[in-house]
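The lines below spell out each chain.
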Amino acid sequence: MIELAIAVLALLIWIGMLVVRGGFWLARERDTCDLPPEPTDWPDVVAVVPARDEADVIARAIGSLAAQDYPGRFGIILVDDSSSDGTADVARQAARDAGGHPLEIVTGQPLPSGWTGKLWAVSQGVAAAGGGPHYLWLTDADIAHAPDTLRSLVARAEAGGLVLTSLMAKLRCDTFAERALIPAFVFFFQMLYPFARVNRPGRMAAAAGGCMLARRDALERAGGIAAIRGALIDDCTFGALMKREGPIWLGLTDRSRSIRPYDGWGEIAAMISRSAYAQLGYSPWALLGTLIGMALVYLAPPVLAFAGGYPLIWGMALAAWVLMTIAFQPMLRFYHRSPLWGIALPLIAAFYAGCTFLSAWQHWRGRGGMWKGRAQAARAGG
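Residues numbered from 1 in each chain as written. Predicted model: local features only at pLDDT ≥ 70, side-chain atom pairs only at ≥ 80, totals over all residues. Heavy atoms only, no water.

A. Focus on the packing of helix α2 (residues 58-66) against helix α3 (residues 87-98). Running from N to C, α2 and α3 cross one another at 35°; their axes reach a closest spacing of 8 Å. Our pair here, α2 against α3, has a crossing hand that is right-handed. Contacts between α2 and α3 involve I58, A59, I62, G63 and A66 from the former and T87, V90, A91, A94, A95 and A98 from the latter. When its residues are assigned to classes, the contact of α2 with α3 shows nine nonpolar, two polar and no charged. (Axes fitted to C-alpha atoms, helices over the stretch in contact; angles between N-to-C directions. Helix = DSSP H or I, 4+ residues; strand = E, 2+ residues; numbered from the N terminus. Left-handed = near helix turned anticlockwise from the far one by under 90°. Contact = heavy atoms within 4.5 Å. Nonpolar A, V, L, I, M, F, W, Y, C, P; charged D, E, K, R; others polar.)

See below:
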């Protein structure tokens, strides 16, 4: 029977993912675990922050950087990417108010062909930093860091000889839409890129763009930011680039937090659809396979469980649903959400599947990767 085959396959997939997928669902890789000793000498660091029309969030982000309690030499470069809302002025005032580490503001140059806007801004910031810093801290304009974030990053990087140390910033989870959808965003990311595998030698590589501490000399050997100039999913592409130069590390954190609000379902859908089709290599066949796979893995178990029918089919479908609910629990605990959200994972996955199709539709219409008025996927995807 077709229903029995689907139920068996869905159950086997979930058993396999929980057992052999690097323990992604356990969410064990955190910056509070296996803390290394602090180095004797603290290397020079420069933070690079690309910003385009970020006046609503830039003050907290720059203020948190200026207030870092880092013992070594540390400076901040903000690249103002043609902002029209006074982003640079707000950032300058925030740095003055914090009264800590110095801020330099670089006026961004016009976007050349073949580059995404963010990476072009980052490349200008890296160039402005010059050859002095040992590390470049690449962070976003909507991320606020605890005062000891840089200190923790450098200690881990120095102890492990890492060329890239990255933290998955904790996303805002206040509104109903955020509570329903944001923990799953990180859950699905870890499913694609199990952090334990990322942190071991091998081909698996990823990073989280909101907080990346990169060795400057390793980045230069890899070809610099220009080597990934057209990447829409720039953080994971950057992780792969850097892992060719040495070990990398990626973990969850409470130290770095996203302060960008996603108040409604539409805003979250836009965030997901911005890069979902790029993740699939802009392939219609990969899109079709992904949608079929998500229907099999997430939707088929509850549908078959509610449909009744033979006890064997019902039991296997229910078991698969229970396993996905269990798998979601560590991430729900990390975000301090009710465990009952685990039961709703099939509906949440259906929303993400819809956003994936929306991403492809936007790309086909020449509006893929839309961010701050730029349709970047059309450029990045060819």
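B. Fine view of the pairing of strand β1 (residues 45-51). Of all seven residues in β1, seven are buried; the element is thus mostly enclosed. Burial of the side chains of β1 extends over both faces: V45, A47, V49 and A51 are buried on one face and V46, V48 and P50 on the other. Here β1 runs beside strand β2 (residues 74-80); their pairing, made up of seven bridges, is parallel. Bridging across to β2, P50 finds its partner in V79. After leaving β1, the chain enters α2 and then returns to the sheet as β2, a path that is right-handed. Sheet topology places β1 next to strand β4 (residues 135-139); four bridges connect them, and they run parallel. Note that in β4 the partner of V48 across the bridge is L138. (Buried < 20%, exposed > 50% of the residue type's maximum accessible area, 1.4 Å probe, protein only. Pairing = 2+ DSSP bridges. Right-handed = clockwise from strand over helix to strand, strands pointing away.)

C. Focus on the packing of aromatic side chains. By the definition in use, this model includes 21 aromatic pairs. Taken together, the ring pairs in this structure connect W14, F24, F176, F187, F188, W265, Y298, F328, W341, F351 and Y352 into an aromatic cluster. The aromatic ring of W249 is capped on one face by R156, whose charged end is 4.1 Å from the ring centroid. Over the ring of Y335 we find K170, and its NZ or CZ is 5.5 Å from the ring centre. (Phe/Tyr/Trp six-rings, centres within 6.5 Å; stacked < 30°, edge-to-face > 60°. Lys NZ or Arg CZ within 6 Å of the ring centre and 35° of its normal.)

D. Main features of the confidence of the model for the protein. Summary statistics for the protein give a mean pLDDT of 92 and a share of 96% for residues scoring 70 or more. When mean pLDDT is taken per element in the protein, β4 scores highest with 98 and helix α15 (residues 376-380) scores lowest with 49. Here residues 378-382 scores under 50 on pLDDT; set against residues more than four positions off or in separate chains, the count is 13 contacts. (pLDDT = per-residue confidence, 0-100.)

E. Structural detail: the packing of helix α1 (residues 2-20) against helix α12 (residues 284-307). Direction vectors running N to C along α1 and α12 enclose 125°, while the axes themselves pass 9 Å from each other. One way to sum up the angle between α1 and α12 is to call them oblique. The chirality of how α1 crosses α12 is left-handed. On the side of α1, the interface is formed by E3, I6, A7, L9, A10, I13, W14 and M17, while α12 contributes L296, V297, Y298, A300, P301 and L304. Class assignment for the residues of the contact of α1 with α12 results in 13 nonpolar, no polar and one charged. (Parallel < 35°, antiparallel > 145°, perpendicular 65-115°, else oblique.)

F. Quick peek at the side chain of T325. Tracing the sequence through the fold places T325 in helix α13 (residues 311-334). Here T325 is in contact with G342 and I343, once residues within four sequence places are set aside.

G. Highlighting unusual backbone geometry. The backbone phi angle of A27 is positive, close to 55°, even though this residue is not glycine. Summarising the element assignment, A27 is placed in the loop between α1 and β1. By relative accessible area, which is 1% here, A27 ends up buried. Residues other than glycine seldom take positive phi values, yet D34 does so here, at roughly 50°. If you trace the backbone, D34 turns up in the loop between α1 and β1.

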